[in-house]
Amino acid sequence: MRRVVVLLVSLWVVLSTAAMGMAWGAGRSMEEESSAEIEETLIRDPVVCDHDYVSNGIGTAHLTLCGKASQSNPPWLYAINVDAWTTGSCGIYYVSLVPSKAYLYVEVTAYSDCGKLNAMINWVEGH
Amino acid sequence: MRRPTSLFLFFLLILLSPLTSAQPYWLKEGVYFKYVAEGEHSVAITQDSSTYRGSYGELFWRVVKVENGLVTVEAVLKAENLTEERYTELPHEEALKRLNELISLYEGKEPSTTMGSCRLYPVENETWGKGIARICNETASIEFSNYTYAVLVERDKGLEFIRRAVPKIVRRTVFEIDLRDNVLVYNGTPLGKNLLFILPDKIPREGEVLSSVLGQEVKVTKSIILNDTVIHTPFRTFKPPILFIRTNMVAGNGWQGMSGIYYDMSSGILVTGFMPVSPLWEAFGFSSVALFDEDSKRSRGEMGGFGMVLADTNAELVLTKRLTGVEIPKLSFIVFILSVFLLAVCGAVKIRRWDA
């Protein structure tokens, strides 16, 4: 009788451990699938960019604005990046920085020795 | 012996007595200056988390009183045709609450269109007119032609956004300029160097700290006298010598910038300048004001202005052009030299007698 009880308890412990292991494995693979799906969505989101430049003989000033048009949260733009650079004796005096996420459209203004720069991206361009 | 000593002490006292502030000759009650920047994207103003962009900016300042080396100034900043944008980060719960509030307004209603995961509803408002409400899974917004409100909920936080048309901003302030060190004083607190004019004996030098912004020192990185630059402004053409000063780059909330300012050396007044960072804007309650006229371009030779440009003033400025056809009469010159010589001889004889 005692042997039978020990056998049944051992069997229950082994089966429980196996079931827990399987559940954890399944959950993890679901998480991986879910994050992979999100990453895939982020990769699929199109990148939209705009560029402006001015020149006045002493050099040139350039302004580039890029961002991703979210397809899962329309019409938001995210991963927005601004790059302002110059050549020659043209210096950048001011850049209006952009938020990391913007609704529908975002624009950036820069002022340089060579003149004014303006770039704008719209979510519609990435739709 | 006593007399020369007294005389010496008298001159020494004059030399060492507290120097009275050097007041520019044009600086008197009622004198005003108006600077303007026109054109698309010629104005960018930041205040807290808001950014205003516009197509016209104007700075007007007027001398109210000059007393005991203190100049009381009244200034008005105008900006027109503006768009305000404001992004505010929210805690997740708060963002979710606002999203649900918006969604609940349209629950049970039939959308006019569906676009992907979003449902679009027509809306009408007394102030903003006709528009649309866009309800998606994690975002909701109401859009009119002159007003947009949106909220986005993410895993750990949220974002609220407002974009609206602002026809005009008019802000007035009163401050003082202490002529002893040319410092702008607002409500009794010195905010930094006055950039509206320079004093001939206090030209900003390279390395000099002008003010501080969010713990960053605003320093002069370049201070040069341009002898080959002519600046055309709507008020008048300014000829050399012109003083150009430039500062270091500093960053604020939503912007980074530095100043480039041109002063007329004969009067010390600001002819044209781009100065997003200035104690002046702090006196108005703005963190940065960028006024950049459509034609702004910096160059050697001839230029039409850089930043905001002097459009009008009633200051009696002395023209720097050379006088022609005028000379000192020879007889007057000879009499002057003889007088100086006689004075020197008399002085020497007197001192000898005292010594004896």
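The shown structure was predicted, so the numbers you read here are calculated from the model rather than taken from an experiment.

Peer 1: Before we go on, may I ask you to explain the overall build of chain B in this structure?
Peer 2: Looking only at helices and strands, chain B features four helices and 23 strands. Of all 356 residues assigned to chain B, the portion counted as buried reaches 45%. Considering only contacts within chain B whose residues lie at least 6 apart along the sequence, 57% involve residues at least 24 apart. A total of about 19200 Å² of accessible surface is found on chain B, and carbon and sulfur atoms cover 55% of it.

Peer 1: So what exactly am I meant to see when it comes to the pattern of salt bridges here?
Peer 2: Pairing between side chains becomes possible if they bear opposite charge and their charged atoms approach one another. Residues and elements named next belong to chain B. Taken as a whole and judged by the stated rule, the model has 18 salt bridges over all chains. Close ionic contact of Lys-28 with Glu-316 constitutes a salt bridge, the shortest N to O distance being 3.4 Å. Of this pair, Lys-28 sits in the loop between α1 (2–16) and β1 (32–47) while Glu-316 is found in the loop between β23 (308–313) and α4 (330–355), placing the two residues 288 residues apart along the sequence. Overall, the relative accessible area of 57% leaves Glu-316 in the exposed class. Between Lys-202 and Asp-201 there is a salt bridge; the shortest N-O distance is 3.4 Å. Here the residues in one salt-bridge network are Arg-62, Glu-74 and Arg-172, joined through shared partners.

Peer 1: Honestly, the nonpolar core in this entry has me stumped. Any pointers?
Peer 2: Membership of the largest hydrophobic core comes to 73 residues, with the highest contact counts inside it found for Trp26(B) and Trp61(B). Excluding anything up to four places from it in sequence, Trp26(B) contacts Val31(B), Phe33(B), Trp61(B), Phe197(B), Ser267(B), Ile269(B), Ala315(B), Glu316(B) and Leu317(B). Membership of the second largest hydrophobic core comes to 29 residues, among which are Trp76(A), Tyr103(A), Ala119(A) and Ile121(A).

Peer 1: Got a minute to help me understand the sheet that holds strand β5 (residues 101–103) of chain A in this structure?
Peer 2: Residues and elements named next belong to chain A. Reading across the sheet, the four strands line up as β1-β2-β3-β5 and stay open at both edges, with antiparallel pairing between neighbours. Each of the sheet's edge strands pairs with one partner strand only, and the pair in question is β1 (47–55) and β5. Taken over all neighbouring pairs, the strand axes of this sheet differ in orientation by 30 degrees on average, direction set aside. Two elements, strand β3 (residues 76–88) and β5, share three bridges in a ladder whose sense is antiparallel. Bridge pairing in β5 links Tyr-78 to Lys-101.

Peer 1: How do you make sense of the sheet that holds strand β22 (residues 302–303) of chain B when you look at a structure like this?
Peer 2: Strand-to-strand pairing in sheets goes through backbone hydrogen bonds, with the strands running parallel or antiparallel. All names here are of chain B. Strand order in the open sheet formed by three strands is β15-β14-β22, with mixed pairing between adjacent strands. Of all the strands in the sheet, just β15 (237–238) and β22 have a single pairing partner and so form its edges. For strand β14 (residues 230–232) and β15, the ladder comprises two bridges, and the chain directions are antiparallel. Of the residues in β15, the one forming a bridge with His-232 is Thr-237.

Peer 1: Would you mind showing me how to read the confidence of the model for chain B here?
Peer 2: A low pLDDT means the predicted coordinates there should not be read in detail. Predicted confidence across chain B gives a mean pLDDT of 90, with 90% of residues reaching 70 or more. The complex prediction reports pTM at 0.79, with the ipTM value standing at 0.81.

Peer 1: Would you mind going over the interface of chain A and chain B with me for this structure?
Peer 2: How big an interface is tends to be stated in terms of the accessible area lost upon association of its parts. In this complex, chain A contributes 31 residues to the contact, which on the side of chain B involves 48 residues. Carbon and sulfur atoms make up 56% of the area that chain A and chain B hide from each other, which totals about 3200 Å². Contact with chain B buries area across many residues of chain A, yet Tyr93(A), Tyr94(A) and Tyr103(A) alone supply 25% of it, more than any other trio. Along the contact surface separating chain A from chain B lie three salt bridges. A salt bridge links Glu154(B) to Lys101(A); its shortest N-O distance comes to 3.2 Å. Applying the counting criterion to the chain A and chain B interface returns 20 residue pairs in polar contact (both at pLDDT 80 or more). When its residues are assigned to classes, the side of chain A that touches chain B shows 18 nonpolar, nine polar and four charged. Direction of pairing for strand β4 (residues 92–96) of chain A relative to strand β18 (residues 255–257) of chain B: antiparallel, over a ladder of three bridges. What sits directly across from Val95(A), in β18(B), is Gln256(B).

The rules we used
- Residues numbered from 1 in each chain as written.
- Chains lettered and ligands numbered in written order.
- Predicted model: local features only at pLDDT ≥ 70, side-chain atom pairs only at ≥ 80, totals over all residues.
- Heavy atoms only, no water.
- Helix = DSSP H or I, 4+ residues; strand = E, 2+ residues; numbered from the N terminus.
- Buried < 20%, exposed > 50% of the residue type's maximum accessible area, 1.4 Å probe, protein only.
- Contact = heavy atoms within 4.5 Å.
- Areas by Shrake-Rupley, 256 points an atom, 1.4 Å probe, with all protein chains shown as cover.
- Salt bridge = Lys/Arg side-chain N within 4 Å of Asp/Glu carboxyl O.
- Core = buried A, V, L, I, M, F, W, Y, C linked by side-chain atoms within 4.5 Å.
- Pairing = 2+ DSSP bridges.
- Axes fitted to C-alpha atoms, helices over the stretch in contact; angles between N-to-C directions.
- pLDDT = per-residue confidence, 0-100.
- Buried area = accessible area lost by both parts, 1.4 Å probe.
- Polar contact = N/O pair within 3.5 Å; in protein donor to acceptor, adjacent residues only side chain to side chain.
- Nonpolar A, V, L, I, M, F, W, Y, C, P; charged D, E, K, R; others polar.

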